Amino acid sequence: LISISMSAQDVHYTLHNYAPLWLNPANTGSFAGSIRVGGIYRGQWYSLNGISSPTAYADAPLAFGFRKQDWVGVGFSLVSDNAGDFNLSSTFFGFSGAYHLSLDKKRQNVLTLGVQYGSTSYGFEPPMGIPTQQINISEDLCGGGDCGGGMLGESEFNQSQQPSPGPGGGGGNNNNENFNDLNAGVKLKILMDPKKNNVFEAGVSFLHLTSPDRRGLAEIMRMPGDTMANGRPTIPSGGGRETRVRKGTLHAHARLDMEMSEKWRFQPTLFYQSSAANSSVSIQAWGRRQLKNDMGLRLGLGYRTADAAKVMFGIDAGQLRAALAYDITLSQARNVNS
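Residues numbered from 1 in each chain as written. Predicted model: local features only at pLDDT ≥ 70, side-chain atom pairs only at ≥ 80, totals over all residues. Heavy atoms only, no water.

What to know about the overall build of the protein
Consideration 1: Across its full length, the protein holds two helices and 16 strands.
Consideration 2: When each of the 338 residues of the protein is scored for burial, the buried share is 41%.
Consideration 3: Nonlocal contacts in the protein, meaning residues at least 24 apart in sequence, comprise 57% of its contacts between residues at least 6 apart.
Consideration 4: A total accessible area of about 17900 Å² is found for the protein, and carbon and sulfur atoms account for 58% of it. (Helix = DSSP H or I, 4+ residues; strand = E, 2+ residues; numbered from the N terminus. Buried < 20%, exposed > 50% of the residue type's maximum accessible area, 1.4 Å probe, protein only. Contact = heavy atoms within 4.5 Å. Areas by Shrake-Rupley, 256 points an atom, 1.4 Å probe, with all protein chains shown as cover.)

What follows is the structure in structure tokens.
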């Protein structure tokens, strides 16, 4: 029931710098060029039911602002998270805008403010031909549909949510909910050495600023006299779907790009994420080897606290960038990860 109510933490990516608009809305339009398009696909727990988290984005800088050295960035992003036999899904689609305030006339030091607004939809699709109660609720709690409409004080899914024929066996519209969301962030970018193109940038972003309500996907029947103590989700009198406040998420990030020699650049990154009472710190050390023409080879190692070590590989070819990352589980989850 906890997973069905979608009260988990936000998605995280090992290659977080390859999802700049997800990382911080202030990254919108923060590049030299006309348009940027990209995305990430994350897969995990293939030995169990599997998790897939694709994201895609596009943004562009616009050459106007209150001053000549300032500019505006606009873009959109799509972030999706899918898991399990129920195809539990959460998808965010939103538009972002950023104002890049240059602290000098040469644009060597830039302070950026960014916002992002969109809608998050979430839901599930029960497997075709199998009642939702049978899979998600134990027989001791009237699983398998033996109790029909359910007993007072117990939790169950709407009987109207039985699977319907068709791809995925999804039920009706009652299996899906949505809410509007607002994110914002700030970033400082410093060009430390124009000749060597050494850059340092750091930023922080806050997700779910409006603390939107998330309506549960399960019906809850209230026991007589249940006072719903503080801290529990809000449930209408007599029963209904619970409503939880979507807690905020914090992203803090820093990146350094500096020349070590004629052929090598050192590119360490630091990323902190706090979401739904869970937090992690990700440290990465990248080395970039300049090859012939506009080709570059990236090699990296990383570590995410109490979770995983990371091995990363990337290639730059002109204006194209691509990378692969593999997480080596170090926590107790390695017992089921294969």
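Considerations on the pattern of salt bridges
Consideration 1: All chains considered together, the criterion is met by nine salt bridges.
Consideration 2: The salt bridge partner of Arg67 is Asp70, with a shortest N-O separation of 3.0 Å.
Consideration 3: Residue classification places Arg67 among the partly exposed residues on the basis of a relative accessible area of 35%.
Consideration 4: You can call Asp70 buried: its relative accessible area is 2%.
Consideration 5: As a salt-bridge pair, Arg265 and Asp257 come within 2.8 Å of each other at their nearest N and O atoms. Across the pair, exposure class does not vary: Arg265 and Asp257 are buried alike. (Salt bridge = Lys/Arg side-chain N within 4 Å of Asp/Glu carboxyl O.)

Let's talk about the nonpolar core
Side chains of nonpolar character tend, in soluble globular proteins, to be buried together.
Consideration 1: Val11, Tyr13, Leu15, Tyr18, Ala19, Trp22, Leu23, Ile40, Val79, Phe271, Trp286 and Met312 form the largest nonpolar core, which has 12 residues in total.
Consideration 2: Those residues in contact with Ile40, other than ones at most four positions away along the chain, are Tyr13, Leu15, Tyr18, Ala19, Ser53, Pro54 and Thr55. (Core = buried A, V, L, I, M, F, W, Y, C linked by side-chain atoms within 4.5 Å.)

Describing the environment of Ser275
Consideration 1: Mapped onto the elements of the fold, Ser275 is located in strand S12 (residues 264-275).
Consideration 2: Between the C-alpha atoms of Ser275 and Asp10, which are 265 residues apart in sequence, the distance is 6.2 Å.
Consideration 3: Engagement of the side chain of Ser275 in a polar contact is seen with the side chain of Thr249, the distance being 3.2 Å. (Polar contact = N/O pair within 3.5 Å; in protein donor to acceptor, adjacent residues only side chain to side chain.)

A few points about empty space enclosed by the protein
Consideration 1: Under the counting rule described, the total for this entry stands at one cavity of 30 Å³ or more.
Consideration 2: A volume near 50 Å³ is recorded for the largest cavity.
Consideration 3: Forming the boundary of the largest cavity are His12, Tyr13, Thr14, His16, Phe271, Gln273, Ser280, Ser282, Arg304 and Lys310.
Consideration 4: Contributions of two or more residues to the lining of the largest cavity are made by S12 and strand S13 (278-290).
Consideration 5: Looking at the lining of the largest cavity, its residues break down into two nonpolar, six polar and two charged. (1 Å grid on protein atoms, 1.4 Å probe; cavity = no way out; pocket = protein on both sides within 12 Å on 5 of 7 lines; lining within 4 Å. Points joined across faces, edges and corners; volume = space filled by probe spheres on them. Nonpolar A, V, L, I, M, F, W, Y, C, P; charged D, E, K, R; others polar.)

Some thoughts on unusual backbone geometry
Consideration 1: Backbone geometry at Ser211 places phi at a positive 45 degrees, although glycine is not the residue there.
Consideration 2: Mapped onto the elements, Ser211 comes out in the loop between strand S8 (198-207) and strand S9 (213-220).
Consideration 3: Of note, the phi angle at Ala306 is positive, near 55 degrees, even though the residue is not glycine.
Consideration 4: Examined against the element boundaries, Ala306 turns out to sit in the loop between strand S14 (295-304) and strand S15 (308-317).
Consideration 5: Since its relative accessible area comes to 68%, Ala306 is described here as exposed.

Considering a nonpolar patch on the surface
Consideration 1: On the surface, Met260, Trp264, Phe266, Leu291, Met295, Leu299, Phe313 and Ile315 cluster together into a nonpolar patch covering about 690 Å² of accessible area.
Consideration 2: Of all the secondary-structure elements, those providing two or more residues to the nonpolar patch are S12, S14 and S15. (Patch = residues over 30% accessible without salt bridge, like charges linked within 9 Å, V, L, I, M, F, W, Y side chains within 5 Å.)

Describing the environment of Leu188
Consideration 1: Within the secondary structure, Leu188 is located in strand S7 (residues 176-193).
Consideration 2: It is 9.2 Å that separates the C-alpha atoms of Leu188 and Leu113, two residues lying 75 residues apart in sequence.

Here we look at the confidence of the model for the protein
Consideration 1: Taken over all residues, the pLDDT of the protein has a mean of 80, while the share at 70 or more is 70%.
Consideration 2: Confidence over residues 1-8 falls short of pLDDT 50; this stretch has 21 contacts with residues more than four positions distant or in other chains. (pLDDT = per-residue confidence, 0-100.)

Remarks on the side chain of Thr249
Consideration 1: With respect to the helices and strands, Thr249 occurs in strand S11 (residues 249-259).
Consideration 2: Since its relative accessible area comes to 3%, Thr249 is described here as buried.
Consideration 3: Not counting residues within four places of it along the chain, the set of residues in contact with Thr249 comprises Asp10, Ser205, Phe206, Leu207, His208, Gln273, Ser274 and Ser275.

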